[in-house]
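# A closer look at the structure
Now for the letters of each chain:
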Amino acid sequence: MAHAGEPLLQRPLYVFDLPEEILLTLQAKSQTDSTPATPVDTLPSTLTSEAQDGAPATATSCALCGLAFPNVQEQRSHVRSDLHGYNLKQKMRGLRPVGEEDFDKLVGDLDESISGSDSSDSGSDSEDEEASGLGRKESTLSALLKKQAKLSASDMDDFAPKKRKRGSGKPPLVWFSTPKLPENTSLGIYRAIFSDAEQAEESHLVETIRKKQLSPTAPPKAPPANPDSGGVALPPPAAVGPHYFLCMIGGGHFAAMLVSLAPKLTKKGGLDERNATVLAHKTFHRYTTRRKQGGAQSANDSAKGAAHSAGSSLRRYNEAALTTEVRALLSEWKAMVDTAELCFIRATGTTNRRTLFGPYDGQVLHQNDPRNRGFPFSTRRATQAELMRSFVELTRVKISAVDEAALAAASAARESAKAAAAASAKTSLPSKPPKPTPSKVDEEALLHTTQLQSLIRRSKAPALLSYLHSNTLPASYHFFPPDAPAHHHAPTPLHLAA
C-alpha cells in the first residue's frame, strides 16, 4: 500500500530497523477496551412478584434466585456464589429455590453440626486445605449438598466450582502511534516476536523495540564449501548475531530456514534496499499422503489397521525416510537452532509433531521450549518461498489508517436509520383489534358442537341420543359458530350424520 503523502512510509517499515524519527517518538496505544459501566443509583434488592412469576429478568438480575444487582460485576460474583449453585441443584431436583436468609440459616445449621466432629483434627484439615488451595466456598456447598442428598465425595466434585482455564485472549497485533504520522495512522507489530517476559510488561514494549534495533550489514561473503556434505558450511553462531528459526511440516512437505534479523543492505536503482539475510534453508518432500483420500498412511493404519498394498508400503517407507531426513537436518543445525531467539514452527497432526518433538535420542526441538511460536496468520504449503513470506509478514510493521470520526459518524447514521425504520414500521402496521372474549353461552354452544361432532364421526348413536336427551338438545341443533366454513354444508347433526 503506497503512502504518497508520508515520506516515512515510502518504504516498508522493518521492525528491527525503524527510522530514527519514528523510533524516538513511538508511543504505545491502549490495548484494552475502556468502556465504563453504566452506574445505577437505586435498584431494589429483590425482584417483584411479577418478575418471579415468569416475567423476563433484566441484564443485571438472577431470575433463578430472584435477586437484582447494581452492576454486572456483582451479578457475576453472585453466579459464582454458593447460593446460586445451591439453587441450581434445587432446580435440578424439581424443588423451589431458597432466599438469602434461608440459605444462611442452612449454612449456620451446617456449621453447628460439623463444628464438634471436626474439632479433633481441625489443625491437620486446615493445613491440608491451605496446601491444596481449597477454599470455604467449595467445602460449604459440598458439605451442604452431601448432608441433604447423602452424595459421595466423588460425586460432589461436580458441584464444586471449578476455575475455567482461559487463553490470553489478546489480539495478535500490538498497536503504536507516533506524532510524526497523522492521528488516524497506527503502527501494528506482531505480539509473537516478543518473548514471554517482554509480553508480560506491555508498558515497556516501546523500550524493548528500541533495544532490538539492528544496523544494516553488507552482503556476506559466500562461506567455503563443506567437502563432507557437498554443500555450504554454516557460519558459527557467534558471527551470525540474532536470528530466527522457521519450520513447517505437513502433507509430506518439510521446509526449514535460519534467517538473520540484521537486514542486508543492497543497492537497487541507486537506492539503498534492505533484504532479509537467509543463513540456511532446506526443503524435503516425500509421498506420504493418500491421494484423493487425505491423511497420512500412519493415521489410516491406526484407525483401520495396516493396509497391504504397494502404495501403503511406499507411503510407510517415505514417512520413515522423511522423519530420518528431518531429524538429521535438525541435528546438523543444532548449534544455530539452540542460539535462535525464537522458533516459529507449524506442524499439523500427531505424526508431524512427533517427527519434530520426538522424543528421540539427540532431540533438538522441545515441546516446552518458551521460544516456540506458531505463525499468527494463515500459511500455505511448506516451501522456501512460503517461509520467506512468513518471515517478511512477521517482521514488517503493519500500517492502519482509520478515520475514527468517520467511523463514529457512520455508526451513528446506521443507528438513526435503524431507529427510523423501526418507528415507520410501527406506525405503518395497523394495530390488530383485540380478540373478543366469548360469553358463557358461546362457550357452552362450542362445547356441545365439539361433543356432538365427535360422537357422530365415531358412529356412537346410543351415546349421541343420550347426550341430546341429557342436555335437552333438539336433533336440529345448529352447530356453533354458524358462520364457520366447516358448518356450511352440515349445519346440524342430521346433516352431518347423512
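Preceding this section is the structure that the text describes.
Heads up: these notes are all about the structure in this document. All of these numbers come straight from a predicted model, not from anything done at the bench. (Residues numbered from 1 in each chain as written. Predicted model: local features only at pLDDT ≥ 70, side-chain atom pairs only at ≥ 80, totals over all residues. Heavy atoms only, no water.)

To continue, consider the overall build of the chain. Looking only at helices and strands, the chain has 20 helices and eleven strands in total. By residue count, 32% of the 498 residues in the chain fall in the buried class. (Helix = DSSP H or I, 4+ residues; strand = E, 2+ residues; numbered from the N terminus. Buried < 20%, exposed > 50% of the residue type's maximum accessible area, 1.4 Å probe, protein only.)

Another aspect to go through is the side chain of N318. By the secondary structure assignment, N318 is in helix α13 (residues 310-332). For N318, the contacting residues outside a window of four places in its chain are R286, Y287 and T288. (Contact = heavy atoms within 4.5 Å.)

Within the secondary structure, R373 sits in strand β10 (residues 372-373). Within the structure, the side chain of R373 is placed 2.8 Å from the backbone oxygen of P370, a separation counted as a polar contact. Among residues more than four places away in sequence, those in contact with R373 are A192, F194, S195, D196, Q199, L342, C343, F344 and I345. (Polar contact = N/O pair within 3.5 Å; in protein donor to acceptor, adjacent residues only side chain to side chain.)

This next bit is on the packing of helix α18 (residues 440-457) against helix α19 (residues 461-470). Orientation of α18 relative to α19, taken along the N-to-C sense of each, is 160°, at an axis distance of 9 Å. Our classification of the angle between α18 and α19 gives roughly antiparallel. You can see that α18 and α19 cross each other, and the crossing is left-handed. For the pair α18 and α19, contact is made by L447, H448, Q451, L452, L455 and I456 and by A463, L464, Y467 and L468, respectively. (Axes fitted to C-alpha atoms, helices over the stretch in contact; angles between N-to-C directions. Parallel < 35°, antiparallel > 145°, perpendicular 65-115°, else oblique. Left-handed = near helix turned anticlockwise from the far one by under 90°.)

The grouping of E100, E101, D102 and D104 at the surface amounts to a negative patch. Following the sequence through the fold, D104 ends up in helix α5 (residues 100-115). (Patch = residues over 30% accessible without salt bridge, like charges linked within 9 Å, V, L, I, M, F, W, Y side chains within 5 Å. Areas by Shrake-Rupley, 256 points an atom, 1.4 Å probe, with all protein chains shown as cover. Salt bridge = Lys/Arg side-chain N within 4 Å of Asp/Glu carboxyl O. Lys, Arg positive; Asp, Glu negative; His and termini not counted. Charge placed at Lys NZ, Arg CZ, Asp CG, Glu CD.)

Strand order in the open sheet made by the four strands is β1-β4-β5-β11, with antiparallel pairing throughout. A strand with exactly one partner marks an edge of an open sheet, and here the two such strands are β1 (27-28) and β11 (398-401). In terms of strand pairing, β1 meets strand β4 (residues 173-177) through two bridges, oriented antiparallel. Across the sheet, residue A28 finds its bridge partner in β4, namely F176. (Pairing = 2+ DSSP bridges.)

Considered for burial, the residues of α19 that qualify are L464, Y467 and L468. The buried residues of α19 occupy one face: seen down the axis, they fall within an arc of 95°. Those residues of α19 that are exposed and aimed more than 90 degrees away from the buried face are P462, L465, H469 and S470. Each element contacted by the buried residues of α19 is listed here: α18. (Arc of directions from axis to C-beta.)

A few words now on the packing of aromatic side chains. What describes a pair of aromatic rings is the distance from one ring centre to the other and the angle between the planes of the rings. Under the counting rule described, the total for this entry stands at nine aromatic pairs. Ring geometry for F254 against F284: centres 5.8 Å apart, planes inclined by 20°, an arrangement best described as stacked. You can see F254 sitting in strand β7 (residues 253-268) and its partner F284 sitting in strand β8 (residues 271-285), a full 30 residues away along the chain. Residue classification places F254 among the buried residues on the basis of a relative accessible area of 0%. (Phe/Tyr/Trp six-rings, centres within 6.5 Å; stacked < 30°, edge-to-face > 60°.)

This part takes up the environment of E202. For E202, the position within the fold is in the loop between α9 (196-200) and α10 (205-211). In sequence terms E202 and V174 are 28 residues apart; their C-alpha atoms lie 9.2 Å from each other.

All right, on to the nonpolar core then. Ranked by size, the top nonpolar core spans 39 residues in total, and within it F176, I189, I193, I209, Y244, L246 and F344 carry the most contacts. For this core, the secondary structure elements donating two or more residues are α1 (20-25), β4, β5 (185-190), α10, β6 (243-250), β7, β9 (342-347) and α16 (384-395). Considering each element in turn, this core owes the most residues, four residues, to β7. Not counting residues up to four positions away in its chain, the partners in contact with L246 are A255, A256, M257, V259, F344, F375, L387 and F391. In this structure, F245, C247, A256 and L329 belong to the second largest nonpolar core, which totals 26 residues. (Core = buried A, V, L, I, M, F, W, Y, C linked by side-chain atoms within 4.5 Å.)

In this structure, E325 sits in helix α13. The spatial distance from the C-alpha of E325 to the C-alpha of T355 is 10.0 Å, given a sequence separation of 30 residues. Apart from residues lying up to four places away in sequence, E325 is in contact with F284 and R286.

For the rest of this paragraph, the subject is unusual backbone geometry. Look at the link from G358 to P359: it is a cis peptide, with omega at 10°. Here the residue pair F480 and P481 is connected by a cis peptide bond, since its omega of -5° sits within 30 degrees of zero. Relative to the helices and strands, P481 is located in the loop between α19 and α20 (493-497). A positive phi is found at S459, a non-glycine position, where the angle reads about 60°. The residue S459 is located in the loop between α18 and α19 in this model. On the accessibility criterion, S459 (65% relative accessible area) is exposed. At T472, a position not held by glycine, the phi torsion is positive, near 55°. If you trace the backbone, T472 turns up in the loop between α19 and α20. Under the relative-accessibility criterion, T472 is labelled exposed at 69%.

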